[in-house]
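Working through the structure, step by step
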Amino acid sequence: MSCLALSLQPTNGSDILLQTREWFPPARALVALSAFRQTRLAFASGKDQSTEDGDTSLGDDPLAASSGQVIVGVESRYRVVYRLVNSIYVLGITTVDQDDSVNNVFECISIVNQAVSVVVTACRGVDVTPEKLSRKYAEIYMALDIVLRGVSNIRLAAMLASMHGDGIAKMVHSAIHTENKIRGADSWINEEVHSVEHEASVEAFSNARFELPPETLEAGDEVAVTLVPTGQSSSIEQQDQQQKPEEDQAEKDPFAASDALNKPEELVGGFKKDKDPSTSDLTKALAGLEVTTLPPAAATESTHIGVEGFEGDYGGIEFSNDGSTLPEDFEGINQAWGGGLDASEFVGPKKVAKSQGLGGLELLQTGSEAATPAATGAGTPLENLLVKKTEMKGPEMYISEEISAEFRESLLARVGLMGVVFLKSMPPKFSGDKETEFSFKIEGTSGVKRVVMQSSRVSSLSNGMFHVRTAPSEEPIPILKYSLLPHLTPLPLRVRLIKRHTGTLFSVMIQYASSPDLSAPLNDVIFVLKLPVDPTLLKVSPKAVLSRTERELKWHIDEIPLKGTPGRLRARMPVDSSEEDGGEENEVACYVKFSYQGIKSLSGVSLQPTSEGKTDFYEVNHRYESGVYMCN
């Protein structure tokens, strides 16, 4: 292993930054840094003491040089490679090992030099101070994390170029694509589509099953016959001659393969010349032709019609001896009307004036005011006159949560909340092929138990910050999923179910109360009570809808106030068995269905931009709904 940790240590003051590998404990890195500080101070005090005694043979402070390395520690020994930039030590920590195959100290020195390049670029020069480092702390932190894990010079140059202009997201992600472009490689995003198509094709062909038709098999057998050796061909021909009479008697298959497959190829020999002189006689060739006779003369005359309004001669055929040329018969066939027709015979010479407006919609206006173009919206597109749909200004994000809970009488038995962060990018027709890319952070995650992200679109930047990069889509894209701890899950509604069996009467009462911590009251809440029997008589309060096929009652509550007395739902019905009979207990269950949209999520989780004053996305209304929300 070449380098285990990177650190920035000023000459005076506490350490500024520490970045370690995953398998190296930060506590051990702090021990190495403390030992380096003590060693440096010991050298400095030793120099001062030697100066007072007049002994200057030790020379300058060894750790005050521009670069070097020193071994620190007693029980756990570490090699610290350092470079001094102004008043800041850039330190690289590695193990002490004499085997160069295991520990390459020169590679650790190279990583420290790359870290120095990051620090100098962030401070815009060698005048490196703690104040300048604090201004670019996030960029330096992410850059050193990448450098510690190994980075090529191409990617390092791209990171340094984008440190001041494009921010963390561009510095972290675009450098990979820059290196791919320089090396002539394609990114996985472009090649993933081909890989998926290839896997789908392989799976489709591997599961495909088909059978060859009998005709194809017979044709193959006929071809195989020609490939049999000559010694066996004679016996096969004898068998074929014996089977030929039987095949001639049977009806031939119209789709059977042709016998021409076994015949040798012939060109000129396949033609036979007919020497019969009668074939040149044209009268025999025309003997079978039928010539249609002309209609009688009476059929060619027209009929006069005297009905008022339809007077004239109709029908009839007129024969003329005057021959016409081909261009005269088909004159105008290529024009708009075609067939030599004149448009003036059907349309008048005057052009009909078209009414302006929206096809008569302006006539709907009544009153003294005339339908003017300004009033009717003439000259404007029809879409502008309709209700305008809210246009997206940029990418939108919202949280959708689903809460499930089970109450046993008035006690909460179990509860769970699952949340999903959705991203709605700009539609492809507006953004084209441009990818959606920005960073955001999540706040209010004190009660979050687990977070799962879609790694193909989202990457974690630590400290609750995430970076998203995805292609545009018409539908919202789920990018993060999380669940809450049960004891920290808020309940929007508490439900209690009480049942009584007195004699042959069975009574049920449902009490419900809303949480006062909600931002707005719940609307359109549905309570569904599963009945033990199909009641013959039923008394409910308030009114409910009975479904006999499902054996359930439904109450629809328009609004549940945040504060006030709990609501009550009652139902009473007769049952066959009485309580004294000691029969089976009637089981009932109540299910609650509700949904809500608002500016706050139920769990308190919120989405924020990574930097103040920068709007990379728009946070729209969050929503939550009930999953399995029941009481029994």
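Note that the structure is predicted; figures quoted are calculated from it, not measured.

Right, let's talk about the overall build of the protein for a bit. From N to C terminus, the protein includes 14 helices and 26 strands. Pairs at least 24 residues apart make up 67% of the contacts formed inside the protein by residues separated by at least 6 positions. Only carbon and sulfur atoms are counted for the fraction: they give 52% of the accessible area of the protein, which is about 42,700 Å².

Let's shift gears to the sheet that holds strand E13 (residues 465–470). Taken in spatial order, the four strands line up as E12-E13-E10-E24 in an open sheet, and their pairing is antiparallel. At either end of the open sheet lies a strand with only one pairing partner, and these are strand E12 (458–462) and strand E24 (606–609). Strand-to-strand twist across the sheet, computed as the mean angle between neighbouring axes with direction ignored, equals 35°. Summarising the sheet, strand E10 (residues 436–443) and E24 pair through four bridges and their orientation is antiparallel.

Looking now at helix H2 (residues 105–122). Helix length check: H2, at 18 residues, gives a terminal C-alpha distance of 26 Å against a target of 26 Å (1.5 Å per residue), a fit within 8%. The positive-phi residue at the C-terminal boundary of H2 is Arg 124, with phi of around 55°.

At their nearest, the axes of H2 and helix H5 (residues 153–161) sit 10 Å apart, and the two run at 15° to each other. In terms of their interaxial angle, H2 and H5 are classed as roughly parallel. Crossing of H2 against H5: the hand is right-handed. Residues Gln 114, Ser 117, Val 118 and Thr 121 of H2 lie in contact with H5, whose contacting residues are Asn 153, Leu 156 and Leu 160. Considered class by class, the residues forming the contact of H2 with H5 number three nonpolar, four polar and no charged.

Another aspect to go through is helix H4 (residues 137–148). Here H4 contains 12 residues, and its C-alpha end-to-end distance of 16 Å stays within 8% of the 16 Å for a straight helix at 1.5 Å per residue. For H4, every residue scored as buried is listed here: Glu 139, Ile 140, Met 142, Ala 143, Leu 144, Asp 145, Ile 146, Val 147 and Leu 148. One or two positions beyond H4, positive phi appears at Gly 150, with a value near 100°.

Between Ser 541 and Pro 542 the backbone carries a cis peptide bond, its omega angle lying at -5°. Although it is not a glycine, Asn 86 sits at a positive phi angle of roughly 60°. Within the element layout of this structure, Asn 86 appears in the loop between strand E4 (78–85) and strand E5 (88–95). Backbone geometry at Asp 524 places phi at a positive 55°, although glycine is not the residue there. Inspection of the secondary structure assignment puts Asp 524 in strand E17 (residues 522–530).

Tallied over the full model, the rule gives one cavity of 30 Å³ or more. Put simply, the largest cavity is a space of about 30 Å³. If you trace the largest cavity, you find it lined by Leu 8, Ile 16, Leu 17, Leu 133, Tyr 137 and Ile 140. Among the residues forming the lining of the largest cavity, the class breakdown is six nonpolar, no polar and no charged.

This next bit is on the pattern of salt bridges. Pairs can form between side chains of opposite charge whenever their charged atoms are close. For the coordinates displayed, the defined rule picks out 12 salt bridges. We note a salt bridge from Arg 408 to Glu 406, for which the minimum N-O separation is 3.7 Å. Classification of Glu 406 by relative accessible area gives buried; the value is 7%. Its salt-bridge partner being Glu 443, residue Lys 441 comes within 3.7 Å of it at the nearest N-O pair. Residue classification places Glu 443 among the partly exposed positions, given a relative accessible area of 36%. Each member of the salt-bridge network shares a partner with another, and the members are Glu 22, Asp 145 and Arg 149.

Turning our attention to the confidence of the model for the protein. Here the protein averages 76 in pLDDT, while 66% of its residues score no lower than 70. Confidence over residues 54–60 falls short of pLDDT 50; this stretch has four contacts with residues more than four positions distant or in other chains.

Before going further, it helps to examine the packing of H2 against H4. Look at H2 against H4: their axes get within 10 Å of each other, and the N-to-C directions meet at 160°. With respect to each other, H2 and H4 are oriented roughly antiparallel. The handedness of the crossing between H2 and H4 comes out as right-handed. Counted together, Ile 111, Gln 114, Ala 115, Val 118 and Ala 122 of H2 and Ile 140, Ala 143, Leu 144, Val 147 and Leu 148 of H4 form the full contact between these two elements. Of the residues in the contact of H2 with H4, the class split is nine nonpolar, one polar and no charged.

What follows deals with the sheet that holds strand E16 (residues 505–514). The four strands are arranged E15-E16-E21-E18 in an open sheet whose pairing can be described as antiparallel. Of all the strands in the sheet, just strand E15 (493–502) and strand E18 (539–541) have a single pairing partner and so form its edges. Adjacent strand axes in the sheet meet at a mean angle of 10°, parallel and antiparallel pairs treated alike. Both E15 and E16 contribute to a ladder of 10 bridges, which runs antiparallel. Across the sheet, His 501 pairs through a bridge with Phe 506, a residue of E16.

When you line up the elements, Gln 114 lands in helix H2. If near-sequence neighbours (up to four positions away) are discounted, Gln 114 is found in contact with Val 147, Val 151, Asn 153 and Leu 156.

What counts and how
Here the residue index of a chain counts from 1 through its sequence in written order. Local features in this predicted model are restricted to residues whose pLDDT is 70 or higher, and side-chain atom pairs enter the listing and the counts only when it is 80 or higher, whereas totals over whole chains, interfaces and linings include all residues. Side-chain measures here rest on the full set of heavy atoms in the structure, leaving out hydrogens and waters. Helix and strand labels come from DSSP, where a helix needs a run of H or I of at least four residues and a strand needs a run of E of at least two; each type is numbered from the N terminus. Throughout, a residue-residue contact means that at least one pair of heavy atoms, one from each residue, lies within 4.5 Å. In this description, accessible areas are obtained by the Shrake-Rupley approach with a 1.4 Å probe, and a residue is regarded as covered only by the protein chains that are shown. When DSSP finds at least two bridges between two strands, those strands are taken to pair. Inter-axis angles, ranging from 0 to 180 degrees, are taken between N-to-C directions of lines fitted to C-alpha atoms, where helices are fitted over the stretch in contact. Expected helix span is given by 1.5 Å per residue-to-residue step, counting one fewer step than there are residues. For classification purposes, angles smaller than 35 degrees are called roughly parallel, those larger than 145 roughly antiparallel, those between 65 and 115 roughly perpendicular, and all remaining angles oblique. Helix crossings are classified by the rotation of the near helix relative to the far one: an anticlockwise turn of less than a right angle makes the crossing left-handed, while a clockwise turn makes it right-handed. Charged means Asp, Glu, Lys or Arg here, nonpolar means Ala, Val, Leu, Ile, Met, Phe, Trp, Tyr, Cys or Pro, and polar covers whatever is left, Gly included. Relative accessibility under 20% of the residue-type maximum defines a buried residue, over 50% an exposed one, and the middle range a partly exposed one, all with a 1.4 Å probe and only protein chains included. Grid spacing is 1 Å over the protein atoms alone, the probe is 1.4 Å, and a cavity is where that probe fits but cannot get out, while a pocket is an open set with protein on both sides within 12 Å along at least five of seven lines and lining residues have an atom within 4 Å of a point. Grid points are joined across faces, edges and corners, and a volume is the space filled by probe spheres set on the points. By salt bridge we mean one thing: a side-chain nitrogen of Lys or Arg within 4 Å of a carboxyl oxygen of Asp or Glu. Confidence scores per residue from the predictor, reported as pLDDT, run from 0 to 100.

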